[in-house]
Amino acid sequence: MRVRGLRKAYPKIQAVAGIDLDVERGEVFALLGPNGAGKTTTVEILEGHRKRDEGTVSVLDADPGTAGRAWRARIGMVLQTATDAAELTVNETIRHFARYYPRPRQPEEVIELCGLREKAGARVKGLSGGQRRRLDVALGIIGTPELLFLDEPTTGFDPEARRKFWSLIQKLAADGTTIVLTTHYLDEAEALADRVAVIAKGEVVAQGAPGDLGGRAQREATVRWFDRNGEQSVRTSTPTKVIGELSLGGGELTGLTVTRPSLEDVYLDLVGEAR
Ligand SMILES: Nc1ncnc2c1ncn2[C@@H]1O[C@H](COP(=O)(O)OP(=O)(O)OP(=O)(O)O)[C@@H](O)[C@H]1O
C-alpha cells in the first residue's frame, strides 16, 4: 500500500492534511492518534468508502476510488459501527456472508478462531458488546482477505478477549494477511504492530517500529535500585556503565530495574507537541 499527499476536507475541518504512508505486504501496521485526528477518514479512503480530495493512493495495486468487485473481495473490513443486529444466529450470519466471497474460509474455522463457538447458535441481537465485535471480526475475515482493515477492533473487549484477539491477529499475520488497524490502546499497538504511524491533526507526526518510535530506543534510561537510604534513581544514556559502577561493591542490588520511556510516554509527547 502506498499513499502520497492524501488530503480530505469536510465543510468545517481539514480532516486529513497531507499524509504519506507505506505498508508492506504481510505487515501489521497500526494507526495511532487522538480522537478526531483523521484515522477513520484515512482508513475509509483506503477502503474505497470515501472520496479523497487530493493525493495518490494504491491499495493492492489498485486505486480504491475506482477499483471494482474483484478488488473488494480481496479486502476485509471491520468498521467502527457494529454489524446490524439481526434475528439470525451467529452461525447463520457467518454462513450468509461467506456466500458473497469467491474464496471464503470455512465458517466453522472462523467461529473457532474468533472464540464464538459457544455463541454459534445464539441470535446476534442477544450478544454482548464484545461478542458482537468478535462477530464483526469474523465477518471481516470470512472472505480470506489479503488485506484486513480493523478500526478500533477491541473497544469494549475484556482483557482476556483482547489477548485472544491479539493471538488471532498474530495467526492471520503469520498466514500472510496484511493488517492495518487503528487503536487507542498503546499496548495493543506494541503487541501487534510491526510499524506504527502517529497521526495528529490530519498529519503523520511519527512513523516507525513501536520500539523505536520518536527515537525511543535512544532516549535516556532510568536506573532504579534500593539502598540503605531507600529508593534511588538515575537517568542516564549509559545504564550499563551505571550498573557496572554500582556493582563494584560486590553485593546484590535490591530492586534493580532499568526502564526506557514507554510507548505511551513517547506517544503523549508526540501528540502534545502537535497541539
Ligand atoms: N462525515 C463527516 N462530516 C464532517 N466532519 C467529519 C465527518 N467525519 C469526520 N469528521 C471530522 O473529521 C475529523 C477527523 O475525524 P476522524 O473520524 O477521521 O478521526 P479519528 O482519528 O478516526 O477519531 P477517533 O479516534 O475519535 O475515531 C474530526 O474532526 C471529525 O469531527
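Not measured: the values here are computed from a predicted model.

Novice: Explain the sheet that holds strand 4 (residues 54-58) here, please?
Specialist: Backbone-to-backbone hydrogen bonds pair the strands of a sheet. The strands run either parallel or antiparallel. An order of 2-1-4 is seen for the 3 strands of this open sheet, with the pairing classed as antiparallel. Since the sheet does not close on itself, it has two edges, and those belong to strand 2 (13-22) and strand 4, each with one partner. With direction set aside, neighbouring strand axes in the sheet form an average angle of 25 degrees. Note that strand 1 (residues 2-10) and strand 2 share 7 bridges and pair antiparallel. Bridge pairing in strand 2 places Leu6 opposite Ile19.

Novice: Honestly, the domain arrangement of the protein chain in this entry has me stumped. Any pointers?
Specialist: One widely used convention gives an interface's size as the accessible area the parts lose upon coming together. Structurally, the protein chain comprises domain 1 (2-214) and domain 2 (217-274). Counting from both sides, the interface comprises 15 residues of domain 1 and, opposite them, 9 residues of domain 2. Sorting the residues of the side of domain 1 that touches domain 2 by element identifies helix 7 (186-192), strand 8 (195-200) and strand 9 (203-208) as the ones contributing at least two each. Element by element, the count of residues in the side of domain 1 that touches domain 2 is highest for helix 7, at 3 residues. Grouping the constituent residues of the side of domain 1 that touches domain 2 by class yields 10 nonpolar, 2 polar and 3 charged.

Novice: Any chance you could explain the site of the ligand here in plain terms?
Specialist: The ligand sits among Tyr10, Ile13, Ala15, Gly33, Asn35, Gly36, Ala37, Gly38, Lys39, Thr40 and Thr41. At the level of elements, strand 2 and helix 1 (39-46) are the ones that each hand at least two residues to the shell around the ligand. In the shell around the ligand, the residues fall into 4 nonpolar, 6 polar and 1 charged.

Novice: Sorry if this is basic, but what is going on with the confidence of the model for the protein chain here?
Specialist: Any segment with low pLDDT has predicted coordinates that should not be analysed in fine detail. Mean pLDDT for the protein chain: 92, with 98% of residues reaching 70 or above. Of the two predicted TM-score estimates for the complex, the pTM is 0.87 and the ipTM is 0.96.

Novice: Even after reading the chapter, I still don't get the pairing of strand 8, so can you show me in this structure?
Specialist: Along any regular strand the residues' side chains alternate between the sheet's two faces. Most of strand 8 sits out of view: 5 of its 6 residues are buried. With 5 bridges connecting them, strand 8 and strand 9 associate as antiparallel partners. Across the sheet, residue Ile199 finds its bridge partner in strand 9, namely Val204. If you look at the hairpin formed by strand 8 and strand 9, you'll find 2 residues sitting between the two strands, and Lys201 has a positive phi there, around 50 degrees.

Novice: Can you walk me through the sheet that holds strand 3 (residues 28-32) in this structure?
Specialist: On the basis of which strands lie adjacent, the open sheet formed by 6 strands has the order 5-6-7-3-8-9 and mixed pairing. With partners counted over all chains shown, the strands left at the sheet margins are strand 5 (75-78) and strand 9, one partner each. Taking each pair of neighbouring strands and ignoring which way they run, the sheet shows an average axis angle of 15 degrees. Where strand 3 and strand 8 come together, 4 bridges link them in parallel fashion. Paired with Ala30 across the bridge in strand 8 is Val196. Across the sheet, helix 5 (residues 129-141) lies against strand 5 and strand 6 (147-151), angled at about 170 degrees from strand 5, the strand it touches most.

Calculation rules
- Residues numbered from 1 in each chain as written.
- Predicted model: local features only at pLDDT ≥ 70, side-chain atom pairs only at ≥ 80, totals over all residues.
- Pairing = 2+ DSSP bridges.
- Helix = DSSP H or I, 4+ residues; strand = E, 2+ residues; numbered from the N terminus.
- Axes fitted to C-alpha atoms, helices over the stretch in contact; angles between N-to-C directions.
- Domains from an automatic or database assignment.
- Contact = placed C-beta atoms within 7 Å.
- Nonpolar A, V, L, I, M, F, W, Y, C, P; charged D, E, K, R; others polar.
- Near = placed C-beta within 6 Å.
- pLDDT = per-residue confidence, 0-100.
- Buried ≥ 20, exposed ≤ 12 C-beta atoms within 10 Å, placed from the backbone.

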